[in-house]
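# Coordinates in review
One-letter residues, chain by chain:
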Amino acid sequence: MASEIAAELAEQVDRALADAADVTTLRSLEAGNWPAATWDALSALGLNGALVPEAAGGVGLGFSDVAPLMEVLGRHAAPVPLAESIFANALLSAAGITPPEGVISFGAGQGAIAWGRHASHIALLDGARIALYPAAALAWEVGGNIAHEARDRARIIGAPVAEAVLPNGWGAEAALLATALMRAGQIAGAMQAALALAVDHANTRKQFGRPIGRFQAVQQQLAVFAAETSAASVAAAAAARAVDRRGLAAAAFEIG
């Protein structure tokens, strides 16, 4: 179960995104603009260090505590890399590197990096080694996903500001597992938002003189959707608890 403080933080993120991630913001993102106001609103909550131990200056939450945050981000289709920053800072902290301020993302191998061109720093993993690069040390092959969020490939043109070897269980494979875990939570949140829209439509759209939500066939489909949405949320939460108990690498089965 997530802690009480995690629930409170999730509520704060929900309120912040309700004000700072409206349709206008999403349309601006689709046009290629960086949603600075949305990032500033979330950054002010101090959640970048959610998974960083308190002794290292972080919030000291566990992965199961962060799971509700991922769902909130998914529900709002949050157009900023808060999830990526949280996990990048956790990787850096595990390697003994002090996480920098600002927007940060991470990547492994030659894969695309979420929000790469907008980040002030990027943590790149090569096996068990992690290197922290400032934006000026990277050139970008610009790309994007179907939501018009930046998915860019990096070319190194400068030196890192820090390098270290990650402890056992925190290598490149762990970064991929962390990505899968945060996406699972965001998908569960997105399903919750889609379900709410479907229920609202069923209650307002009328056919043959009554809301279509009163028809048994529609009710059955909504019930199936609700069950699948609940299962997605439970699966993401169970995977997060497994990570807290055994670490990312050992929780590969639950995450997968």
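Up top is the structure.
I will try to describe carefully the structure that is included in this document. On a predicted model such as this, the values are computed, not experimentally measured, just so you know.

Rules and cut-offs
Residues numbered from 1 in each chain as written. Predicted model: local features only at pLDDT ≥ 70, side-chain atom pairs only at ≥ 80, totals over all residues. Heavy atoms only, no water. Axes fitted to C-alpha atoms, helices over the stretch in contact; angles between N-to-C directions. Helix = DSSP H or I, 4+ residues; strand = E, 2+ residues; numbered from the N terminus. Parallel < 35°, antiparallel > 145°, perpendicular 65-115°, else oblique. Left-handed = near helix turned anticlockwise from the far one by under 90°. Contact = heavy atoms within 4.5 Å. Nonpolar A, V, L, I, M, F, W, Y, C, P; charged D, E, K, R; others polar. Pairing = 2+ DSSP bridges. Buried < 20%, exposed > 50% of the residue type's maximum accessible area, 1.4 Å probe, protein only. Salt bridge = Lys/Arg side-chain N within 4 Å of Asp/Glu carboxyl O. Polar contact = N/O pair within 3.5 Å; in protein donor to acceptor, adjacent residues only side chain to side chain.

## Structural notes on the packing of helix 1 (residues 4–20) against helix 3 (residues 36–43)
Closest axis-to-axis distance for the helix 1/helix 3 pair is 10 Å, and the angle between their directions is 160°. In terms of axis orientation, helix 1 runs roughly antiparallel to helix 3. Considering how the two elements wind past one another, helix 1 and helix 3 form a crossing that is right-handed. Of the residues in helix 3, those in contact with V13, A16, L17 and A20 of helix 1 are A37, T38, A41 and L42. The class makeup of the residues in the contact of helix 1 with helix 3 is 7 nonpolar, 1 polar and no charged.

## Topic: the sheet that holds strand 6 (residues 151–156)
Taken in spatial order, the 3 strands make up an open sheet running 2-6-5, and their pairing is antiparallel. At either margin of the open sheet sits one strand with a lone partner, and together these are strand 2 (113–114) and strand 5 (138–141).

## Regarding the sheet that holds strand 1 (residues 104–108)
On the basis of which strands lie adjacent, the open sheet formed by 4 strands has the order 1-3-4-7 and mixed pairing. Bordering the open sheet on either side are strand 1 and strand 7 (162–165), each of which pairs with just one other strand. If you compare each strand with its neighbour and ignore which way they point, the axes differ by 20° on average. Relative to strand 1, helix 5 (residues 82–94) is tilted by about 70°, and along the sheet it contacts strand 1, strand 3 (121–126) and strand 4 (129–134). Packing of helix 6 (residues 172–204) onto the sheet brings it into contact with strand 1 and strand 3, and relative to strand 1 it is tilted by some 125°.

## Here we look at the environment of P35
Looking at where P35 falls in the secondary structure, it is placed in the loop between helix 2 (23–30) and helix 3. The exposure class assigned to P35 is buried, which follows from its relative accessible area of 8%. The spatial distance from the C-alpha of P35 to the C-alpha of T25 is 6.6 Å, given a sequence separation of 10 residues. Residues within four places of P35 in sequence aside, it is in contact with T25, L29, P79 and V80.

## Side note on the pairing of strand 7
Burial along strand 7 is one-sided: the face carrying A162 and A164 is buried and the face carrying E163 and V165 is not. Relative to strand 7, strand 4 is paired through 4 bridges, and the arrangement is antiparallel. Bridge pairing in strand 7 links R129 to V165.

## Points about the pattern of salt bridges
Per the stated rule, a full pass over the model turns up 5 salt bridges. Put simply, R151 and E149 hold a salt bridge, and the shortest N to O gap is 3.2 Å.

## A few points about unusual backbone geometry
In this structure, W115 is a non-glycine residue whose phi angle is positive, near 65°. Note on placement: W115 falls in the loop between strand 2 and strand 3.

## Description of the pairing of strand 3
Of all 6 residues in strand 3, 5 are buried; the element is thus mostly enclosed. Direction of pairing for strand 1 relative to strand 3: parallel, over a ladder of 5 bridges. In the sheet register, S105 faces strand 3, and the bridge partner there is I122. Taken together, the 6 bridges between strand 3 and strand 4 define a ladder with antiparallel strand orientation. Directly across from I122, in strand 4, lies its bridge partner Y133. Linking strand 3 to strand 4, which pair antiparallel, is a turn of 2 residues; within it G127 sits at a positive phi near 65°.

## With respect to the side chain of D152
On the secondary structure map, D152 appears in strand 6. Judged by its relative accessible area of 0%, D152 is buried. A polar side-chain atom of D152 sits 2.9 Å from the main-chain amide nitrogen of R117. From its side chain, D152 meets the backbone nitrogen of G143 in a polar contact 2.9 Å long. Residues within four places of D152 in sequence aside, it is in contact with G111, A112, I113, W115, G116, R117, W140, E141, V142 and G143.

Take it as geometry only, folks, not as evidence of what the structure does.
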